[in-house]
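# Geometric and topological summary
What follows is each chain in one-letter form.
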Amino acid sequence: MHKNNKHSKGYDFDLLVKSSPKLEEFVFTNSFGNVTIDFANPKAVKLLNTALLKVHYGIDYWEFSDANLCPPIPGRVEYIHLLNALLKRSEVKENITVLDIGAGATCIYPLLGQAEYGWNFIATEIDSQAMRSAEKIVAKNKLSKSIKLRYQDNEQNILTGILKSKERVSAAMCNPPFYKDQAEADENTLLKQKGLGKQTDTVARNFSGTAKELWYPGGEKAFVHNYLYQSSLLKTNCFWYTCLVSKTQHVLSMETSLKKLGATDFKILQISLGNKISRVVAWTFLTEEEQAEWIS
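Residues numbered from 1 in each chain as written. Predicted model: local features only at pLDDT ≥ 70, side-chain atom pairs only at ≥ 80, totals over all residues. Heavy atoms only, no water.

### Quick notes on the pattern of salt bridges
What counts, and what does not: Salt bridge, as used here: a side-chain nitrogen of Lys or Arg that lies within 4 Å of a carboxyl oxygen of Asp or Glu. Helix and strand definitions here come from DSSP, where helices need a minimum of 4 consecutive H or I residues and strands a minimum of 2 consecutive E residues; each element is numbered from the N-terminal end. Note on classification: 1.4 Å probe, protein chains only; a residue is buried when its accessible area is under 20% of the maximum for its type, exposed when over 50%, partly exposed between these limits.
Taken as a whole, this structure holds 4 salt bridges when the rule is applied. With a shortest N-O distance of 2.7 Å, Asp66 and Lys46 are connected by a salt bridge. Of this pair, Asp66 sits in the loop between helix H2 (42–57) and helix H3 (73–89) while Lys46 sits in helix H2, placing them 20 residues apart in sequence. Judged by relative accessible area, which is 59%, Asp66 ranks as exposed.

### Remarks on the layout of surface pockets
To keep things clear, this is the line we draw: Only protein atoms enter the 1 Å grid, on which a cavity is a set of points fitting a 1.4 Å probe that cannot get out and a pocket is an open set with protein on both sides within 12 Å along at least 5 of 7 lines, lining residues being those with an atom within 4 Å of a point. Grid points are joined across faces, edges and corners, and a volume is the space filled by probe spheres set on the points. Classes in brief: Ala, Val, Leu, Ile, Met, Phe, Trp, Tyr, Cys and Pro nonpolar; Asp, Glu, Lys and Arg charged; the others, Gly included, polar.
By volume, the second largest pocket amounts to about 530 Å³. In terms of lining, the second largest pocket is formed by 22 residues, of which the most central are Lys46, Leu47, Thr50, Trp62 and Glu63. In terms of residue count, the dominant contributor to the lining of the second largest pocket is H2 (7 residues). Among the residues forming the lining of the second largest pocket, the class breakdown is 9 nonpolar, 6 polar and 7 charged.

### Some details on the packing of H3 against helix H4 (residues 108–117)
Definition in use: For every element, the axis is a line fit to its C-alpha atoms; helices are fit only across the contacting stretch, and the angle between N-to-C directions ranges from 0 to 180 degrees. In these notes the angle categories are as follows: under 35 degrees is roughly parallel, over 145 is roughly antiparallel, 65 to 115 is roughly perpendicular, and the rest is oblique. Crossing handedness is read from the near helix: turned anticlockwise from the far helix by less than a right angle, it gives a left-handed crossing, and turned clockwise, a right-handed one. Any two residues whose heavy atoms approach within 4.5 Å at even a single point are treated as in contact.
At a minimum axis distance of 10 Å, the contact between H3 and H4 shows a crossing angle of 55°. If you check the angle between H3 and H4, you find them oblique. The way H3 lies across H4 gives a crossing that is right-handed. Together, Ile73, Arg76, Val77, Tyr79, Ile80, His81 and Asn84 of H3 and Ile108, Tyr109, Leu112, Gly113, Glu116 and Tyr117 of H4 make up the contact between the two elements. Across the contact of H3 with H4, the residue classes break down as 8 nonpolar, 3 polar and 2 charged.

### Remarks on unusual backbone geometry
Most peptide bonds take the trans form, and the phi angle of most residues other than glycine is negative. The phi angle at Asn95 is positive, at roughly 50°, despite the residue not being glycine. With respect to the element layout, Asn95 can be found in the loop between H3 and strand S3 (97–101). The residue Cys107 is not glycine, and still its phi comes out positive at about 55°. Within the fold, Cys107 resides in the loop between S3 and H4. Judged by its relative accessible area of 0%, Cys107 falls in the buried class.

### Structural notes on the sheet that holds strand S5 (residues 147–151)
Here is the rule we go by: Any two strands with at least two DSSP-identified bridges between them are counted as paired.
An order of S5-S4-S3-S6-S7-S9-S8 is seen for the 7 strands of this open sheet, with the pairing classed as mixed. The open sheet has two edge strands, S5 and strand S8 (265–273), and neither has a second partner. The mean angle between the axes of side-by-side strands here comes to 20°, regardless of whether they run parallel or antiparallel. Taken together, the 5 bridges between strand S7 (residues 238–245) and strand S9 (residues 276–284) define a ladder with antiparallel strand orientation. The partner of Thr242 across the bridge, within S9, is Ala282. Contacts from helix H5 (residues 128–140) reach strand S4 (120–125) and S5, with the element oriented near 170° to S5.

### Some remarks on the packing of helix H8 (residues 219–232) against helix H9 (residues 249–261)
When two helices pack together, their arrangement is given by the angle between the helix axes and the distance between those axes. At a closest axis distance of 10 Å, the pairing of H8 and H9 adopts a crossing angle of 20°. Accordingly, the angle class assigned to the pair H8 and H9 is roughly parallel. Crossing angle aside, the handedness with which H8 passes H9 is right-handed. For the pair H8 and H9, contact is made by Glu220, Lys221, Val224, His225, Leu228, Tyr229 and Ser232 and by His250, Ser253, Met254, Ser257, Leu258 and Leu261, respectively. A class-by-class count of the residues in the contact of H8 with H9 yields 6 nonpolar, 5 polar and 2 charged.

### A few points about the pairing of S3
In terms of burial, S3 is largely enclosed, as 5 of its 5 residues are buried. Side chains of S3 alternate between two faces, with Thr97, Leu99 and Ile101 and Val98 and Asp100 buried alike. Two strands pair when backbone bridges link them, and S3 and S4 are joined in this way by 4 bridges, in the parallel orientation. By the bridge assignment, Thr97 is partnered in S4 with Asn120.

And the structure:
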């Protein structure tokens, strides 16, 4: 984990339960003597992450449908810290505005980015119900001046139609749908349940998730390459485009495509959470002169 990640040493369940008493019924001591929760239980997972947001990030209201994806806070904030380090290395330090592609019903990245670094956000969403949920969360936490939501009315578009022609953002971030259809998502969920010690043929996603959150025609690769192409149409609107990529084999094809599209730099930022390793891919189309002008 990044040195700034508040969760690198685990969870203080006494503190979490004190702030969110409903969590207590799901907390137990396992056979190894560790205090924990059942991470296969969606209700327990949602209560834990709600408590983490309240205790560590000052988010008092975070309510959304149980059908929607419940993002794991330690992993989501890790992306925020990696992005901050990338911006600092590029000397993009002031007046930072980040474009969050697919804010979801929870609006999690803008909440964390605002809490940790005071960033402003433009957050997009294609699902009108999720959009309303995100807007309510932002309003209830009095963050409407810092977080602006924009509806994407064309599901084939990722960036097109969102940014105005001369509008600039410091970075764009995205956690894309990983699967091509429900069958692939269900297969992965059953494998995860097995890893959590739940031997069952019934699909029960511990982090939940709707169709628009979990799958996309053609899967992650199709989404990512659509994103790459659309970013190439807005070369000078964003300093760093970034994307969480779950499958290593997609990274090489991304690099190849970006070279053809005219990217001037390409980076792979590793996320390591326990035994799980994933990566954020970052790219820019700005020349050295354009980068210098950006930060001057």
